[in-house]
Structure formats: C-alpha cells, structure tokens
Amino acid sequence: QVELVESGGGLVQPGGSLRLSCAASGTFRSINVMGWYRQAPGKGRDLVARITDSSSTNYADSVKGRFTISRDNAKNTVYLQMNSLKPEDTAVYYCYAELRFESWRNYGYWGQGTQVTVSS
C-alpha cells in the first residue's frame, strides 16, 4: 500500500545541478526518517543523506557542501538538491523512508531508484 515515487534524475555535465524528489503515499501515521542512498555499477548501496522527523540531517563526507537534503511535511516529500556534480556522483539514487503505521509499528521502504549521470 506504500509507494515512494522518485523524480528528478537525468544527465548533466560536471559542475551542473539536479534536484531529486521523493514523495511517500499510502496510509501511515508519520514518517520517522527519509533519506537518499546511491549505488554505482558493481558497488554497494551507500548513504548519501538523511533527515529525521526533527529535521536533523546527516551527509556522506563525499557530498558535504555540495548536496542539501530537505523535506516538505505537508507533501510527505523529501528533496535532494545536488550542486557541483562530479562524474563520481553517477549512480542510481534510491529514496528510503521509515514509516510509522497506525498500529505503531515501524517499517522501512525503498523507492524504485532514479538514474543520475554526470558526464561531459
């Protein structure tokens, strides 16, 4: 019943910018945490950034100062503003959300992923 719908990926040149969006839909009580992970070909899925229900944020060292995570609670949406993109940022970006349901149980969900390619 829960879906995480991602958008905003694409092809950009080095130094360019992209803004990713992820909207959670379904029936749930609240969102504890939302974040972004990425996976390059042949590599594992690594944390990029996350934001809690108290708006605390965490970033991977490789993106600090370049990426900014934010949320719109009214829309159940998380954003990732990516500036000064580098070729090594090329990956599939996955949205993650930990949701609290009406039963008070918590579960984590993944989006389908959106491709980000940084190339000249």
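Everything here concerns the structure above.
Counting starts from 1 at the beginning of each chain's written sequence and moves along it residue by residue. Thresholds applied to this predicted model are a pLDDT of at least 70 for local features of residues and 80 or more for the giving and counting of side-chain atom pairs; totals over whole chains, interfaces and linings are not thresholded and use all residues. No hydrogens and no water enter the side-chain calculation; it runs on all heavy atoms of the structure.

Caption draft 1: Seen up close, the pairing of strand β11 (residues 114-118). Residue exposure (1.4 Å probe, protein chains only): buried if accessible area is under 20% of the type maximum, exposed if over 50%, otherwise partly exposed. Comment: elements are numbered from the N terminus, with helices defined as DSSP H or I runs of at least four residues and strands as E runs of at least two. Across the two faces of β11 the burial differs, with T114, V116 and V118 buried and Q115 and T117 not buried at all. In this sheet, β11 lies alongside strand β2 (residues 10-12) in parallel orientation, the contact comprising 3 bridges. Note on β11: the bridge partner recorded for G10 is V116. Whether two strands pair comes down to DSSP finding at least two bridges between them.

Caption draft 2: Layout of the packing of aromatic side chains. Within 6.5 Å between ring centres, the rings of Phe, Tyr and Trp (the latter by its six-membered ring) count as paired, and their orientation is classed by plane angle as stacked under 30 degrees, edge-to-face over 60, tilted in between. Within the structure shown, the criterion is met by 5 aromatic pairs. Ring geometry for Y37 and W110: centres 5.0 Å apart, planes at 70°, overall edge-to-face. Linking Y37 in strand β4 (residues 30-39) with W110 in strand β10 (residues 106-110), this pair joins segments that are 73 residues apart in sequence. Here Y96 and W110 contribute two aromatic rings whose centre-to-centre distance is 5.0 Å and whose plane-to-plane angle is 55°, an arrangement assigned as tilted. Placement of Y96 in strand β9 (residues 91-100) and of W110 in strand β10 is noted, with a sequence separation of 14 residues between them. Here Y96 falls in the buried class, since its relative accessible area comes to 18%. Ring pairs connect the aromatic residues Y37, Y96 and W110, which therefore count as one cluster. For a Lys NZ or an Arg CZ to count as sitting over a ring, it must be within 6 Å of the ring centre and within 35 degrees of the ring normal. A cation over a ring is seen here: R45 above Y94, with NZ or CZ 3.7 Å from the ring centre.

Caption draft 3: Spotlight on the state of the cysteines. Note on disulfides: each one is a pair of cysteine sulfur atoms within 2.5 Å. Applying the stated criterion across every chain, the model contains 1 disulfide. Note on cysteine connectivity: C22 is disulfide-linked to C95, with sulfurs 2.1 Å apart. Because the sign of the S-S torsion sets the handedness, a value of about -85° for the bond joining C22 and C95 places this disulfide among the left-handed ones. With C22 in strand β3 (residues 18-25) and C95 in strand β9, this residue pair connects regions lying 73 residues apart in the sequence. Assigned by exposure class, C22 and C95 land together as buried.

Caption draft 4: Seen up close, the pattern of salt bridges. When a carboxyl oxygen of Asp or Glu is within 4 Å of a side-chain nitrogen of Lys or Arg, the pair counts as a salt bridge. Inspection of the entire model under this criterion finds 3 salt bridges. Close ionic contact of D89 with R66 constitutes a salt bridge, the shortest N to O distance being 2.8 Å. Of the two residues, D89 sits in the loop between β8 (77-82) and β9 while R66 sits in the loop between β6 (57-59) and β7 (67-72), which places them 23 residues apart along the sequence. Several salt bridges converge on common partners, so that one network encompasses R38, R66 and D89.

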